[in-house]
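Examination of the molecular architecture
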Amino acid sequence: YSYSCTEGENRQLWSSGHHLKSCRDVAFSQDGQKLFTVSKDKSVHVLTVEEGRLETRFPKAHSSALNCVLPIDNHIFATGDDGGALKVWDLRKGDAILEARQQEEYISAMAVDGNGKILLTASGDGTLGVFNVKRRRFELLSEPQNGDLTSVVLLKRGKKVACGSSEGTIYLFNWDGFGAASDRFALRAESVDCMVPITDSIVCVGSLDGVIRAVNVLPNRVLGCVGQHLGEPVEQLAVAPGGQLLASCAHDQKVKFWDVSALRGLVVDDYRKKKKKGGPLRALSSKAAGSGEDFFADLRDEAEPEAAAGSDSD
């Protein structure tokens, strides 16, 4: 799709029906010219972004259904499957250069450091896997956390790693201490299903309850609600280049766009204002409340000037 939130319209450019079963994950290559897709049919497809032409196909890439894909550079990409297996592929060789099965359950998400050297895998068995792509080897596995680990992102200029869990907790790891979590932060959310970094300290989190929360990490705070898909689990989040817009998709079959530009100016200090426990989430934009059942209505009048004041102060 091409989209525009200011002028013009959203248009479907092409669609592809090459996969035989459900498409589980898609990712743009680093240069934006290719699209990687993985499917329950165990295959990996590489399509051209402009025409949607199938360029490369790995038909029986894994022995289990594929769950996620992560391009590491313009030639190397990683895939994870439902059985906990990870493979790293080189398009120039047309084959896998690293194969490992260190985790017991499905690989839910992957992340790589800025040098494309250390690959992290979050798994349904509650562990975080660490692999060295350059040396093509497994490094270590963290101790299991409560619940499935559903997402993994790098924060604090690569010094911290945050993992979301199905229990609604964010686990933090130090970059040089992947064996055990250094901190944990329980959100008042049913789950953390997907997570995307907005700044070095702020992540947006999608949950089973349909609410997209902005969360500051160290100091740990829920800043408020960015938007929502009323009562529909949020499946995936992505930040547009430039970091102004957050896209979300959920079980309501819609892709929604949210303005998150104000989050870039937020500075969260260690001082914690006393607030009522169990109160409603602060709405971070006028669109954050859904139409109809508006449980942020009484909050918005005072919250928005406050948010504006927060962004002016720095």
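Residues numbered from 1 in each chain as written. Predicted model: local features only at pLDDT ≥ 70, side-chain atom pairs only at ≥ 80, totals over all residues. Heavy atoms only, no water.

A few points about the overall build of the protein chain
What counts, and what does not: Comment: elements are numbered from the N terminus, with helices defined as DSSP H or I runs of at least four residues and strands as E runs of at least two. Partly exposed describes any residue whose relative accessible area lies between the buried limit of under 20% and the exposed limit of over 50%, with all areas from a 1.4 Å probe on protein chains only and scaled to the type maximum. Contacts: residue pairs with any heavy atoms within 4.5 Å of one another.
When helices and strands are tallied, the protein chain shows 1 helix and 23 strands. Taking all 314 residues of the protein chain together, 49% fall into the buried category. Expressed as a percentage of contacts within the protein chain between residues at least 6 apart in sequence, the contacts between residues at least 24 apart total 40%.

With respect to the sheet that holds strand S16 (residues 183-186)
Selection criterion: Following DSSP output, two strands are said to pair if at least two bridges run between them. Only C-alpha atoms enter the line fits that serve as axes; for helices the fit covers just the stretch in contact. Angles between N-to-C directions range over 0 to 180 degrees.
If you trace the 4 strands from one edge of the open sheet to the other, you get S13-S14-S15-S16, paired in antiparallel fashion. Every interior strand has two partners, whereas the edge strands, strand S13 (149-155) and S16, have only one. In this sheet, neighbouring strand axes are inclined to one another by 20 degrees on average, regardless of whether the strands run parallel or antiparallel. Looking at chain direction, strand S14 (residues 160-165) and strand S15 (residues 169-174) are connected through 5 bridges and run antiparallel. Bridged to Gly 164 within S15 is Ile 170.

Some thoughts on the environment of Ser 261
Looking at where Ser 261 falls in the secondary structure, it is placed in the loop between strand S23 (255-259) and helix H1 (297-312). A residue is classified by how much of its surface remains accessible, and Ser 261, at 27% relative accessible area, is partly exposed. Distance from Ser 261 to Ile 198, taken between C-alpha atoms, is 9.0 Å for residues 63 residues apart in sequence.

Notes on the pairing of S13
For S13, the buried fraction is high: 6 of the 7 residues fall into the buried class. In the sheet, S13 pairs with S14 via 6 bridges, with the strands oriented antiparallel. Each residue of the ladder has a partner; that of Val 153, found in S14, is Ala 162. Between S13 and the antiparallel strand that follows it, S14, lie 4 residues; Lys 156 among them carries a positive phi value of about 50 degrees.

Some details on the UniProt feature "repeat: WD" (unreviewed entry) in the protein chain
Note the following rule: UniProt positions are given in the numbering used here, feature names are shortened, and annotations may be inferred rather than shown by experiment.
In the numbering used here, UniProt assigns the feature "repeat: WD" (unreviewed entry) to residues 234-268. Summarising residues 234-268: 0% helix, 49% strand, and an end-to-end C-alpha distance of 26 Å.

Overview of the pairing of strand S11 (residues 128-132)
Counting buried residues along S11, 5 of its 5 residues qualify, which places the element largely inside the surrounding structure. Where burial is concerned, the two faces of S11 agree: the one with Leu 128, Val 130 and Asn 132 and the one with Gly 129 and Phe 131 are both buried. As paired elements, strand S10 (residues 118-123) and S11 share 5 bridges and run antiparallel to each other. Of the residues in S11, the one forming a bridge with Leu 119 is Phe 131. Examined bridge by bridge, S11 and strand S12 (residues 137-141) share 4 bridges and lie antiparallel to one another. For Gly 129, the partnering residue across the bridge sits in S12 and is Leu 141.

Some words on the packing of aromatic side chains
The following threshold applies: We call Phe, Tyr and Trp rings a pair once their centres come within 6.5 Å, taking the six-membered ring for Trp, and we label the pair stacked below 30 degrees between planes, edge-to-face above 60, and tilted otherwise.
Applying the stated criterion across every chain, the model contains 7 aromatic pairs. Arranged with centres 5.2 Å apart and planes meeting at 75 degrees, the rings of Trp 175 and Phe 178 form a pair that is edge-to-face. An aromatic cluster of at least three residues, connected via ring pairs, comprises Phe 36, Phe 58, Phe 77 and Trp 89.

Let's talk about the sheet that holds strand S20 (residues 221-228)
Pairing is antiparallel in the open sheet, where 4 strands are placed in the order S17-S18-S19-S20. Each edge of the open sheet carries a strand with a single partner, namely strand S17 (194-197) and S20. Mean inter-strand twist for the sheet, computed between neighbouring axes without regard to direction, equals 25 degrees. Across 4 bridges, S17 lies against strand S18 (residues 202-206) in antiparallel orientation. Bridge pairing in S18 places Val 196 opposite Cys 204.

Regarding the side chain of Ser 201
Looking at the element boundaries, Ser 201 is found in the loop between S17 and S18. Setting aside residues up to four positions removed in sequence, Ser 201 forms contacts with Lys 156, Val 215, Asn 216 and Val 217.

Concerning the nonpolar core
Applicable threshold: Grouping buried Ala, Val, Leu, Ile, Met, Phe, Trp, Tyr and Cys residues that are joined through side-chain atoms within 4.5 Å yields what is termed a nonpolar core.
Counting 16 residues, the largest nonpolar core has Cys 204, Ile 212, Val 226, Leu 237, Leu 246 and Leu 263 as the members making the most contacts within it. Among the secondary structure elements, those contributing two or more residues to this core are S17, S18, strand S19 (211-216), S20 and strand S21 (234-239). Once you skip the residues sitting within four places of it in the chain, Val 226 turns out to touch Cys 204, Ile 212, Ala 214, Leu 246, Trp 258, Val 260, Leu 263, Leu 284, Ser 285 and Ala 288. Of all hydrophobic cores here, the second largest spans 15 residues; its members include Cys 68, Leu 70, Ile 107 and Met 110.

Section: the confidence of the model for the protein chain
Regions with low pLDDT carry predicted coordinates that are not meant to be interpreted in detail. Cut-off, in case you're wondering: By definition, pLDDT measures how confident the predictor is in each residue, and it falls between 0 and 100.
When pLDDT is averaged across the protein chain, the result is 90; 89% of the residues are at 70 or more. Taken as a whole, residues 290-314 scores under 50 in pLDDT and shows 33 contacts with residues more than four places along the chain or in a different chain.

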